[in-house]
Amino acid sequence: MTLLRALLALVVGLAGVLVLPSASIAEEAASITVTAAPTTSALLRPSAPLRVDVALTNPGSAELEAVTVELQLQREPITNAEALDQWLTGEDSALDRDLDTLTATSPISIAPRSTSRLAVVTEPETILLDEARPGVYPVAVVVASASERISSTRTAIVWKPDELGSRVGLSLVTPITIPEPTGALLTADELALLTSPGGLLAERLDAMAGRSVALGIDPMVAASIRALGTQAPQSATDWLQRLEALTNDTFALMYADADAAAMLQAGVPLLQPTGFALDPANFGTAEPTTEPDQPTEPGSPPDSGQDTPALPTTEELLSVPASLGAVWWPAADTVTPSDAQTLTESGSDRILLSSSNVEAVDRTPVARIGGGIALVSDDRITSMLDTTLEAGTPAEWNESAAHLAAALAIEAGSRTSPVIAALDRESSAAPQRLADTLNVLAGLPWVTPTALSAVNTGDSIPSASVAERPQSADRIAAISGMVASERQVAAFATAAVDTAAIVDARRLALLGTLSQSWRMNASGWEAVVDQFMAENRSIVDSVEVVERGQILVLADRTELPINVRNELGQAVEVVLDVRALTAGLAVEQQRTVVVVEPASTRNVPVPVQSIANGAVMVELTLTSTTGVPLGSPVFVRVNVQAGWETAGTVIAASVVVLVFIIGIARTVLKRRRATEEADD
């Protein structure tokens, strides 16, 4: 009996050993990923085969054997955008019941952790679609292993028997910005990297130059180049010249593409740069103001004949191509009706909004909102375009591009107005991927690339209202805090000899922190906000009265040694106010104007008069010459013991007199003794 039980246990154990690997293989087979896309951008013509490129990825550690791929077709066209979305996302399973199998491949094996690519081809005589029913047709790709279905994916084809048919205008908008700026201006090294061949700005300009793509241009890029003057990299100046020569529709963004809607929701005005710190040495030499041999007045320094070169103005530094003028472009779903009204009344009456931020009667690309004009970007097409640009592999890009092509075919059959698609600011897509996508879109026979200036025309513009889309309370609170901090710095800067140098730099840093490209990087944005606030605190704490211990006053009149420290990189002019809090000490000069050189400490002697002995608290405060308080008051304990000086003087004088008397007495005694000795 014991032997029988042992044999049964051995059989069960062996069965487990044999079964477990099979289960593991089944689990790995179920994790296979499939991407599929029709070639020729989903377009299918009569007498042309249907070719679908399929990529099968086996992420597991076991080989997949006897893998086959079936191509299935639904013979009823998809007639609207919602149905297409449901098909592509797998939400609509009803269409699966009506799929016809067109082709099945021969079995293949897929090695572990590898991808197999194959083309599944169906000949025209098998497709048999009705030439009288052009449109978008569902296509399924079903993957099986050992005759068991393990995965599938969905795509679509556009059946277009002839060149005739409706077309949809497609107007693209993309930003020319710096992702997540961290400084007030770009450095020469950063500009060289961005504008040299292969750089982000250089390749983006290459991808979009001369196309029907509107460019929203960040003035920060142009200002950074111009601010360097003759020290700007050659690649940067060449890039700026190319930008200015473009034939694309263009418009200016906020500096650093700052979030204007967030400013308004934080209750602050629309912030702009106040100025730039420029090095005159980077702008050549001015024209001579005197003849070299012209005599100068006696006693005056020799005239070099040269003045400081003319520096570009703030307006000149910020100038960018703007064929469309100014257009507000807030991030998607971040605008309230109040924001839209304020923006369209502030410098431009046009604003680019996402369709989910607009409550429109129909799917219009242009709408009147109060006194302004809204250019409405289609969220659905924009999202599909962003997905295409962000695709990680060529296979995924082909798949997403086919979905986008099918979606535009649906639009061509259901609307007469153009579609606006605004590319995501946070997109990390390579410029070459953008160029490839634009080439595909331009080649679709149901799409007409359309300039944004052509969309924003016509007299019969429908009215719409702006949906309430406020930004998060945390974001608005953070922005309010930064603006309040910047105002503190601006008030403090009145003490600096060069106030503008501080104010201008902090404003540019604030605008960079408010860049909309930070919106999708919450942790990164939190870090730059903390850094901005810390830098501001460092500035306002850089000038202070140095705290010290007790001061002993022994004289009726003396000076209190007060030290003022300046850790700024420039001189400051401050007012030191000294006030005794009790009557034991009189401050003879309460207010003293002090100039403290950069990164130094200055001793300020303050004259005082003793009134009564005892401890006196003295309050020391600093203000700018305009009356702005600097730092917190400092309190110093002064121990007044003026009587000790008088007593000491009397004692010292008495000692001197006594010594003098003793000296005289000794002299008299010596002479008397000498006389007596002589008489003897």
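The rules behind these values
- Note on numbering: residues in each chain are counted from 1, in written sequence order.
- Predicted model: local features are reported for residues with pLDDT of at least 70 only, side-chain atom pairs are reported and counted for 80 or more only, and whole-chain, interface and lining totals are derived from all residues.
- Computation of side-chain values covers all heavy atoms of the structure but excludes hydrogens and water.
- By definition, any uninterrupted DSSP run of H or I lasting at least four residues is a helix, any uninterrupted run of E lasting at least two residues is a strand, and each is numbered from the N terminus.
- Throughout this description, buried means an accessible area under 20% of the type-specific maximum (1.4 Å probe, protein chains only), exposed means over 50%, and partly exposed covers the range between.
- Whether two residues are in contact is decided by their heavy atoms: any pair within 4.5 Å suffices.
- By the criterion applied in these results, polar contacts are pairs of N or O atoms within 3.5 Å in which, for protein atoms, one can donate a hydrogen and the other can accept it, and in which residues neighboring in sequence qualify only through two side-chain atoms.
- Every axis in this analysis is a line fitted to C-alpha atoms, fitted for helices over the stretch in contact. Angles between the N-to-C directions lie between 0 and 180 degrees.
- Oblique is the label for every angle not falling under 35 degrees (roughly parallel), over 145 degrees (roughly antiparallel), or within 65 to 115 degrees (roughly perpendicular).
- In a left-handed crossing the near helix is turned counterclockwise from the far helix by less than a right angle, and in a right-handed crossing that turn is clockwise.

Draft legend 1. Main features of unusual backbone geometry. Not every positive phi belongs to a glycine, and Ser47 is a case in point at roughly 65°. Relative to the elements of secondary structure, Ser47 occurs in the loop between strand S2 (43–44) and strand S3 (50–58).

Draft legend 2. Summary view of helix H11 (residues 379–389). Counting buried residues along H11, 8 of its 11 residues qualify, which places the element largely inside the surrounding structure. Turning to H11, its buried residues are Arg380, Ile381, Thr382, Met384, Leu385, Asp386, Thr388 and Leu389. In this structure, the buried residues of H11 make contact with helix H2 (81–89), strand S10 (168–176), strand S16 (372–377), helix H12 (394–414), strand S17 (419–422) and helix H13 (431–443).

Draft legend 3. Here's a closer look at the side chain of Thr450. For Thr450, the location among the structural elements is in the loop between strand S18 (447–449) and helix H14 (452–455). Take Thr450: its relative accessible area is 12%, and that puts it in the buried class. One polar contact links the side chain of Thr450 to the main-chain carbonyl oxygen of Thr448, over a distance of 2.9 Å. Once you skip the residues sitting within four places of it in the chain, Thr450 turns out to touch Gly169, Leu170, Ser171, Ser212 and Val455.

Draft legend 4. Quick look at the packing of helix H5 (residues 200–208) against helix H7 (residues 234–244). Orientation of H5 relative to H7, taken along the N-to-C sense of each, is 25°, at an axis distance of 11 Å. What the angle tells us is that H5 and H7 run roughly parallel. Seen from above, H5 lies across H7 with left-handed handedness. Mapping the contact onto sequence places Leu201, Ala202, Leu205 and Asp206 in H5 and Trp239, Arg242 and Leu243 in H7.

That's the geometry; what it means functionally is another story.
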